[in-house]
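# Observations on chain architecture
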Amino acid sequence: MFAIDLAEDAQLFPLEVWHAEEFLAHIDRGREFIGEFIGFPDRTTDLESARRLLRSNAEKSAADGARLYGIRLGGTLVGGVLFPNFDADAGNCEVGCWMEPAGTGRGLVTKACRVLIDWAFDVRGMHRVEWHVASGNGKSIAVAERLGLTREGVLRQNHLHRGVRQDTEVWSVLAAEWAAARTA
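Residues numbered from 1 in each chain as written. Predicted model: local features only at pLDDT ≥ 70, side-chain atom pairs only at ≥ 80, totals over all residues. Heavy atoms only, no water.

## Overview of the overall build of the protein
Filter applied, for reference: Each helix is a run of H or I in the DSSP string that is no shorter than four residues. Each strand is a run of E no shorter than two, and both are numbered from the N terminus. For the radius of gyration, the atoms used are the C-alpha atoms, and the globule rule reads 2.2 Å times the number of residues raised to 0.38. In this description, contact between two residues means that some pair of their heavy atoms is separated by no more than 4.5 Å. Counting rule applied: Lys, Arg positive; Asp, Glu negative; His and chain ends not counted. One atom stands in for each charge, and that atom is NZ of Lys, CZ of Arg, CG of Asp or CD of Glu.
Scanning the protein from terminus to terminus reveals 6 helices and 8 strands. Scaling as 2.2 N^0.38, a compact globule of 184 residues should have a C-alpha radius of gyration of about 16 Å, and the protein matches this with 16 Å. Projected onto its principal axes, the C-alpha coordinates of the protein cover approximately 45 × 40 × 35 Å. Long-range pairs, those at least 24 residues apart, make up 58% of the contacts in the protein between residues at least 6 apart in sequence. Between the averaged position of the 21 positive side-chain charges in the protein and that of its 26 negative side-chain charges there is a distance of 2 Å.

What follows is the structure, given as structure tokens:
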């Protein structure tokens, strides 16, 4: 399968069902850090649940829906990016990310998200890409800012995560804005 270089020692690749052991080991290493804002760790507790999560995403991808990609650093899975929502007919999708501590601070998520957004606009003809982030997730908000997305507003207490109602910020970029920023 393919991999796209993000840096000399980092690659972006599609996460598939056969990566379940690697995915579980990654989640186990970063369970608390990742789980502060992301639901994967709560749903991935053993090898079978890792397979289920990856299988579910593979089925969505096969139906031209959600897609899941891993980021390896030095050959080890340390995080990833995804299209949690992908509606080709409407021309709208959402990009998201997660990372364990070993992969942070290198700009890998920003680079990987650029690859996904470029693909969404240039290959799939999307009109709008969204970024949904818990208001308390400063690192994810910083990625949205580095990508040049526009903060549209806050959905107040709309997301229940680990028993706490969280606010969700919605950020976005339109195809014309993305193209203009790349040529500037």
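Still more to cover.
## Quick look at the nonpolar core
Inclusion rule: Residue types Ala, Val, Leu, Ile, Met, Phe, Trp, Tyr and Cys, when buried and joined through side-chain atoms within 4.5 Å, form a set referred to as a nonpolar core. When a residue's accessible area, from a 1.4 Å probe over protein chains only, is under 20% of the maximum for its type it is buried; when over 50% it is exposed; and in between it is partly exposed.
Core analysis: the biggest nonpolar cluster contains 34 residues, and Ile71, Val81 and Trp131 have the highest contact counts within it. Elements with a contribution of two residues or more to this core: β2 (10-14), β3 (67-73), β4 (76-87), β5 (92-99), α4 (108-123), β6 (128-134), α5 (138-146) and β8 (164-174). For this core, the leading source of residues is α4, giving 8 residues. The residues contacting tryptophan 131, other than those within four sequence positions of it, are Val95, Gly96, Cys97, Cys113, Ser140, Val143, Ala144, Leu147, Leu149, Glu169, Val170 and Trp171. With 15 residues, the next largest nonpolar core counts Ala20, Ala50, Leu53 and Leu82 among its residues.

## Examining the packing of aromatic side chains
Here is the rule we go by: Any pair of Phe, Tyr and Trp rings, taking the six-membered ring for Trp, is counted once the centres come within 6.5 Å. Such a pair is stacked with planes under 30 degrees apart, edge-to-face with planes over 60 apart, and tilted for the rest. Any Lys NZ or Arg CZ found within 6 Å of a ring centre and within 35 degrees of that ring's normal is scored as a charge over the ring.
One pass over the full model with this rule turns up 7 aromatic pairs. Summarising the aromatic geometry, the rings of phenylalanine 121 and tryptophan 178 are spaced 6.4 Å apart at their centres and angled 45° between planes, so their arrangement reads as tilted. One end of the pair, phenylalanine 121, is in helix α4; the other, tryptophan 178, is in helix α6 (residues 175-183), and 57 residues separate them in sequence. Through pairs of rings, three or more aromatic residues link up here, namely Phe23, Phe40 and Trp98. The positively charged end of arginine 67 is found above the aromatic ring belonging to phenylalanine 86, 4.4 Å away from the centroid. Residue placement shows arginine 72 over the ring face of phenylalanine 13; its charged tip is 3.8 Å from the ring centre.

## Quick notes on the sheet that holds strand β1 (residues 4-7)
To be explicit about the condition: At least two DSSP bridges between two strands are required for those strands to pair. The axes are straight lines fitted to the C-alpha atoms, using for helices just the contacting stretch, and the angles between their N-to-C directions are given from 0 to 180°.
On the basis of which strands lie adjacent, the open sheet formed by 8 strands has the order β1-β2-β3-β4-β5-β6-β8-β7 and mixed pairing. Every interior strand has two partners, whereas the edge strands, β1 and β7 (150-161), have only one. Going across the sheet, the axis of each strand differs from the next one's by a mean of 25°, ignoring polarity. Across 3 bridges, the pairing between β5 and β6 is parallel. Across the sheet, cysteine 93 pairs through a bridge with valine 129, a residue of β6.

## Focus on the packing of α4 against α6
Threshold: Small angles under 35 degrees read as roughly parallel and large ones over 145 as roughly antiparallel, with 65 to 115 read as roughly perpendicular and the rest as oblique. By the definition used in this description, the sense in which the near helix is turned from the far one sets the handedness, with an anticlockwise turn below a right angle giving left-handed and a clockwise turn giving right-handed.
For the pair α4 and α6, the least separation of the axes is 10 Å and the interaxial angle reads 120°. When the interaxial angle is binned, α4 and α6 end up oblique. For the pair α4 and α6, the sense of crossing is left-handed. Here Arg114, Ile117, Asp118, Phe121 and Asp122 of α4 come into contact with α6, specifically with Ala175, Trp178 and Arg182.

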